Amino acid sequence: MAKPYPSELVRTLTLRDGTRVVVRPIRPEDRQIEKEFVQELSNESKYFRFMSGLRELSEAMLNRFTQIDYDRELALIAMVCENAKETEIGVARYVVNADNISCEFAVAVADAWQNRGVGTALILGLAAAARARGLRTMEGIVVARNSKMLGLMNALGFSVRAEPGDPSIRHVTKQLDMTSSASIRASSAAPL
Ligand SMILES: CC(C)(COP(=O)(O)OP(=O)(O)OC[C@H]1O[C@@H](n2cnc3c(N)ncnc32)[C@H](O)[C@@H]1OP(=O)(O)O)[C@@H](O)C(=O)NCCC(=O)NCCS
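Note that the structure is a prediction, hence the values are computed from the model and not measured.

Conventions and cut-offs
Residues numbered from 1 in each chain as written. Predicted model: local features only at pLDDT ≥ 70, side-chain atom pairs only at ≥ 80, totals over all residues. Heavy atoms only, no water. Buried < 20%, exposed > 50% of the residue type's maximum accessible area, 1.4 Å probe, protein only. Helix = DSSP H or I, 4+ residues; strand = E, 2+ residues; numbered from the N terminus. Arc of directions from axis to C-beta. Contact = heavy atoms within 4.5 Å. 1 Å grid on protein atoms, 1.4 Å probe; cavity = no way out; pocket = protein on both sides within 12 Å on 5 of 7 lines; lining within 4 Å. Points joined across faces, edges and corners; volume = space filled by probe spheres on them. Near = heavy atom within 4 Å. Polar contact = N/O pair within 3.5 Å; in protein donor to acceptor, adjacent residues only side chain to side chain. Areas by Shrake-Rupley, 256 points an atom, 1.4 Å probe, with all protein chains shown as cover. Sits in = over half its atoms within 2 Å of the grid points. Nonpolar A, V, L, I, M, F, W, Y, C, P; charged D, E, K, R; others polar.

## Examining helix 3 (residues 59-66)
Buried residues of helix 3: Met61, Leu62, Phe65 and Thr66, and no others. The buried residues of helix 3 occupy one face: seen down the axis, they fall within an arc of 115°. In this fold, the buried residues of helix 3 make contact with helix 1 (31-40), helix 2 (43-50) and strand 4 (85-96).

Structure, rendered in structure tokens:
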């Protein structure tokens, strides 16, 4: 059964350039901004996120990405106000695995907003929410040539391992009970 909207996960953070960013769980009404966010990603960012030549989200994917139950699945979006319009600049999501103690996650930040601490803040926020949900492990699959994501994973204390038989991907894993501010490199964004 779907949980109520988890408003306790709404946060405001300030990037090092002073930009204020609201990070909040996604809502069904965010369908259009989520669609625009993915449309605007560069081809490389889309490939790194979706591992395919996807150009835009299908209607079914948009439903799945925005109509979540906040229990088996959580998506946090990062929003800024630009020219009096709310724009999505990043999203991180997890889906709980069948074992109910681990989850698979993915993240994407708009190209123009990369390297400003948004990805770090989203991953830390997602990890904190997963840990609060009782999950113990967060894992993901990263394209092997995605050096930025792998560098970030390393900095955030994820272990990175090769996939036997598939040199094009890496598995990343983090034990959430070991996640602490001390184990995480200082972030450019205020901690969530
Ligand atoms: C990977 C991604 C999510 C990172 O988001 P971001 O907002 O750019 O990340 P941040 O700014 O928080 O952090 C990037 C950090 O990694 C560091 N970094 C970049 N490349 C690095 C490398 N090769 N090794 C070590 N660190 C590296 C940067 O210096 C930066 O650190 P700083 O903020 O302390 O200066 C973003 O680039 C993205 O959306 N890429 C396309 C989609 C994607 O790859 N998703 C991952 C699929 S699971």
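Now, onward.
## Observations concerning empty space enclosed by the protein
What the rule picks out here adds up to two cavities of 30 Å³ or more. Counted as a void, the largest cavity has a volume near 70 Å³. Considering the residues around the largest cavity, the lining is formed by 13 residues, among which Glu34, Arg49, Phe50, Val91 and Ala108 are closest to the centre. Elements that contribute at least two residues to the lining of the largest cavity include exactly helix 1, helix 2, strand 4 and strand 5 (102-109).

## Details of the side chain of His171
Here His171 is to be found in strand 8 (residues 166-175). His171 gets classed as buried once you look at its relative accessible area, which sits at 18%. In this structure, His171 is in contact with Gly140, Ile141, Ser159, Val160, Arg161 and Glu163, ignoring residues within four places of it in sequence.

## So, the site of the ligand
Around the ligand there are 22 residues in total, and Val109, Asn115, Gly119, Thr120 and Asn146 lie nearest to it. Here Gly119 contributes a backbone N or O atom positioned 2.7 Å from an oxygen atom of the ligand. Thr120 has a polar side-chain atom sitting 2.5 Å from an oxygen atom of the ligand. In isolation the ligand has 950 Å² of accessible area, and contact with the protein removes 80% of it. Assessed atom by atom at 2 Å from the grid points, the ligand resides in the largest pocket. Listed by contribution, the elements that provide at least two residues to the shell around the ligand are helix 2, strand 5, helix 4 (118-132) and helix 5 (147-155). For the shell around the ligand, the leading source of residues is helix 5, giving five residues. A per-class count over the shell around the ligand returns eight nonpolar, 10 polar and four charged.

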